[in-house]
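# Tertiary structure, described
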Amino acid sequence: QVQLVESGGGLVQPGGSLRLSCAASGSIFSISAMGWYRQAPGKQRELVARITKVGTTNYADSVKGRFTISRDNAKNTVYLQMNSLKPEDTAVYYCNGVVTTTLPLREYDYWGQGTQVTVSP
């Protein structure tokens, strides 16, 4: 079993910053890509940012220049630094990890439970 636990969401004013964290634990052999997705009410879940094990990143156009994804491989943790937040960034943010588990040695897609980010005056 593998668990992804997010933290760091909350309420922030427009223009403010938040930092999300997601720690993976359990029967982990390795983690290739980790990423952040978000889902606003009435909308589909969308990719926010993604990072590979060697640090290659990609971002949604809507967050480029404002959000930064990073990871600590030793801690199996991924971060999302969000600056210059806008009301349209309001959503539930989900952590994702492509994890190769130990016995069995197999790759699975895991998700965290989600953390609410609300950007409002």
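Residues numbered from 1 in each chain as written. Predicted model: local features only at pLDDT ≥ 70, side-chain atom pairs only at ≥ 80, totals over all residues. Heavy atoms only, no water.

Scanning the chain from terminus to terminus reveals zero helices and eleven strands. Element order for the chain, N to C, with α for helix and β for strand: β-β-β-β-β-β-β-β-β-β-β. Computed over the C-alpha atoms, the radius of gyration of the chain is 14 Å, within 12% of the 14 Å expected from 2.2 N^0.38 for a compact globule of 121 residues. Looking at the chain as a whole, 41% of its 121 residues qualify as buried. Taking the intrachain contacts of the chain between residues at least 6 apart in sequence as the baseline, contacts between residues at least 24 apart amount to 55%. Measuring between centres, the 12 positive side-chain charges of the chain sit 3 Å from its 8 negative side-chain charges. (Helix = DSSP H or I, 4+ residues; strand = E, 2+ residues; numbered from the N terminus. Rg over C-alpha atoms; globule rule 2.2 N^0.38 Å. Buried < 20%, exposed > 50% of the residue type's maximum accessible area, 1.4 Å probe, protein only. Contact = heavy atoms within 4.5 Å. Lys, Arg positive; Asp, Glu negative; His and termini not counted. Charge placed at Lys NZ, Arg CZ, Asp CG, Glu CD.)

Across five bridges, the pairing between strand β9 (residues 91-101) and strand β10 (residues 107-111) is antiparallel. Pairing of asparagine 96 across the sheet is with tryptophan 111, part of β10. (Pairing = 2+ DSSP bridges.)

What follows concerns the state of the cysteines. Summed over the entire model, instances satisfying the criterion amount to one disulfide. At a sulfur-sulfur separation of 2.1 Å, the disulfide partner of cysteine 22 is cysteine 95. Here cysteine 22 and cysteine 95 share a disulfide; its torsion about the S-S bond, -80 degrees, makes the bridge left-handed. With cysteine 22 in strand β3 (residues 18-26) and cysteine 95 in strand β9, this residue pair connects regions lying 73 residues apart in the sequence. Residues cysteine 22 and cysteine 95 agree in their burial class; the two are buried. (Disulfide = S-S within 2.5 Å.)

Bringing the nonpolar core into the picture now. Trp36, Val48, Phe67, Val78, Leu80, Met82 and Tyr93 are the most contacted members of the largest nonpolar core, which totals 29 residues. Listing elements by their share of this core, those giving two or more residues are β1 (2-7), β3, β4 (28-39), β5 (46-51), β7 (67-72), β8 (77-82), β9 and β11 (115-119). In contact with tyrosine 93, not counting residues within four places along its chain, are Glu6, Leu20, Trp36, Tyr37, Arg38, Val48, Phe67, Leu80, Met82, Gly114, Thr115 and Val117. (Core = buried A, V, L, I, M, F, W, Y, C linked by side-chain atoms within 4.5 Å.)

Taken together, the four strands give an open sheet; going across it, the order is β1-β3-β8-β7, and neighbouring strands pair in antiparallel fashion. Edge positions in the sheet fall to β1 and β7, since each of these pairs with one other strand and no more. Each adjacent strand pair in this sheet contributes to an overall mean axis angle of 15 degrees, direction not counted. (Axes fitted to C-alpha atoms, helices over the stretch in contact; angles between N-to-C directions.)

One non-glycine residue, asparagine 76, lies in the positive phi region at around 50 degrees. Along the chain, asparagine 76 turns up in the loop between β7 and β8. Unlike most non-glycine residues, serine 84 shows phi in positive territory, near 50 degrees. With respect to the helices, strands and loops of the structure, serine 84 is situated in the loop between β8 and β9.

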